[in-house]
Amino acid sequence: ELRVDLECISNGSHNYGKTAIFFAITRCRDDVVSLLLSAAASVKVVNNKGQTPLSLGSSHLEQQTIQALAEHEAAEGDDVPWRNYYASNWDGIRYGDLDPRFLPQERRTPEDVVTKLAINPTTRESRRGENYQRLGEHHHTLVGFALSADLTKLRHFVERWGASGSTSTPDLAPIIDLQTLAVQGGLGSSGQVPSLRAVVERWMPGYTLDKQQQCSAWGYRPLSEAQVAYAALDAAVLIELRLRMVR
């Protein structure tokens, strides 16, 4: 109804080739996946990780939705060619939930777990652990705001999931604390540090942050939509903020 292009792909270095249905699958949203299928979204796409909607869905979705993906793929048939971004834009990293139809033999290992639908299928726990392990990989940079209280928690989880291959408290990836950067840039001082809203208003003129949810009841679950949006915006704004602050 909104004339959204369901075949538009992401062009990020680690998610190249992902269409809307991939993002719905990674969030385990069976309802959204079903909606996209009913709108004729194509599932004959291989992202640059080597995953297809079917291989990824096999570990993220309910059995009924997985079956719907398989039937939709079969219905597209030979008339719809595969768009294989794994062949053209592979990022050089091995992931789970790979589609066995598209993983070249030279990229396979004896340790691979192979099922009918996926190579090295993931679980919720393994995906959680993989995310924490990335915090210890030094080709990533962690960006945050007022991080001192959070770093102890992050190191705990990185250690728990065995990042850096050590049982000792590991180093995290390089860290940029934008609050510290703001002080160095002349906003506030070490004794009176600036708020995130103040930093946004300084380096992103014309923008501000609505902090009404800051003192809401965060101990209750599930969080409200307003709380989720508030937290997501606080995180998302850091990406643009960092770009502007380090120019």
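Quick word on the overall build of the protein
- The helix and strand inventory of the protein stands at 10 helices and four strands.
- Along the chain direction, N to C, the helices and strands of the protein fall in the order α-α-β-α-α-β-α-α-β-α-β-α-α-α.
- Split into buried and exposed, the 247 residues of the protein put 36% on the buried side.
- Considering only residue pairs separated by 6 or more positions, the protein has 60% of its internal contacts joining residues 24 or more positions apart.

A word on the pattern of salt bridges
- Throughout the structure, instances matching the rule amount to seven salt bridges.
- Linking R29 and D31 is a salt bridge whose minimum nitrogen-to-oxygen distance equals 2.8 Å.
- With relative accessibility at 39%, the residue R29 sits in the partly exposed group.
- Owing to a relative accessible area of 45%, D31 belongs among the partly exposed residues under this scheme.
- Across the pair E73 and R101 runs a salt bridge whose closest N-O atoms are separated by 2.5 Å. Placement of the pair is E73 in helix 4 (residues 63-76) and R101 in the loop between helix 5 (85-89) and helix 6 (124-134), with a sequence separation of 28 residues.

Some details on the nonpolar core
- Counting residues in each nonpolar core, the largest one holds 17 residues, and the members touching the most others are I21, I25, V33, L36, L37, L61 and L69.
- Considering each element in turn, this core owes the most residues, four residues, to helix 1 (residues 20-26).
- Discounting chain neighbours no more than four positions away, the residues touching I25 are V33, P53, L56, G57, H60, L61 and L69.
- One finds L187, L196, V200 and L241 within the second-largest nonpolar core, a separate group that totals 14 residues.

Some words on the environment of F22
- Along the chain, the position of F22 falls in helix 1.
- For F22, a relative accessible area of 0% translates into the label buried.
- For the pair F22 and L56, spaced 34 residues apart in sequence, the C-alpha separation works out to 7.9 Å.
- Those residues in contact with F22, other than ones at most four positions away along the chain, are G17, V45, N47, Q51, T52, P53 and L56.

Examining the packing of aromatic side chains
- Tallying each qualifying case throughout the model produces four aromatic pairs.
- Ring geometry for W218 against Y230: centres 5.7 Å apart, planes inclined by 50°, an arrangement best described as tilted. One end of the pair, W218, is in the loop between helix 9 (196-203) and helix 10 (225-245); the other, Y230, is in helix 10, and 12 residues separate them in sequence.
- Since its relative accessible area comes to 26%, W218 is described here as partly exposed.
- The positively charged end of K18 is found above the aromatic ring belonging to F23, 5.4 Å away from the centroid.
- The ring centre of W90 lies 3.7 Å from the NZ or CZ of R107, which sits over that ring.

Some thoughts on the packing of helix 2 (residues 30-38) against helix 4
- Close contact between helix 2 and helix 4 brings their axes to 10 Å; oriented N to C, the two are set at 20°. In terms of their interaxial angle, helix 2 and helix 4 are classed as roughly parallel. Here the hand of the crossing between helix 2 and helix 4 comes out left-handed. Taking contact as the criterion, the partners of D30, V33, S34 and L37 in helix 2 are, on helix 4, T65, A68, L69 and H72.
- Broken down by class, the residue content of the contact of helix 2 with helix 4 amounts to four nonpolar, three polar and one charged.

Some thoughts on the packing of helix 9 against helix 10
- Where helix 9 meets helix 10, the closest approach of the two axes is 10 Å, and the angle between their N-to-C directions is 40°. The orientation of helix 9 with respect to helix 10, classified from their angle, is oblique. The handedness of the crossing between helix 9 and helix 10 comes out as left-handed. Residues L196, V199, V200 and W203 of helix 9 form the contact with helix 10, whose own contacting residues are D234, V237, L238, L241, R244 and M245.

With respect to the side chain of S55
- In this structure, S55 sits in helix 3 (residues 53-60).
- On the basis of relative accessible area, S55 is assigned to the buried category, the value being 0%.
- Here T52 takes part through its backbone nitrogen, which lies 3.0 Å from a polar atom of the side chain of S55.
- If near-sequence neighbours (up to four positions away) are discounted, S55 is found in contact with D97, L98, D99, L117 and A118.

Here is what the cut-offs are and how they apply
Residues numbered from 1 in each chain as written. Predicted model: local features only at pLDDT ≥ 70, side-chain atom pairs only at ≥ 80, totals over all residues. Heavy atoms only, no water. Helix = DSSP H or I, 4+ residues; strand = E, 2+ residues; numbered from the N terminus. Buried < 20%, exposed > 50% of the residue type's maximum accessible area, 1.4 Å probe, protein only. Contact = heavy atoms within 4.5 Å. Salt bridge = Lys/Arg side-chain N within 4 Å of Asp/Glu carboxyl O. Core = buried A, V, L, I, M, F, W, Y, C linked by side-chain atoms within 4.5 Å. Phe/Tyr/Trp six-rings, centres within 6.5 Å; stacked < 30°, edge-to-face > 60°. Lys NZ or Arg CZ within 6 Å of the ring centre and 35° of its normal. Axes fitted to C-alpha atoms, helices over the stretch in contact; angles between N-to-C directions. Parallel < 35°, antiparallel > 145°, perpendicular 65-115°, else oblique. Left-handed = near helix turned anticlockwise from the far one by under 90°. Nonpolar A, V, L, I, M, F, W, Y, C, P; charged D, E, K, R; others polar. Polar contact = N/O pair within 3.5 Å; in protein donor to acceptor, adjacent residues only side chain to side chain.

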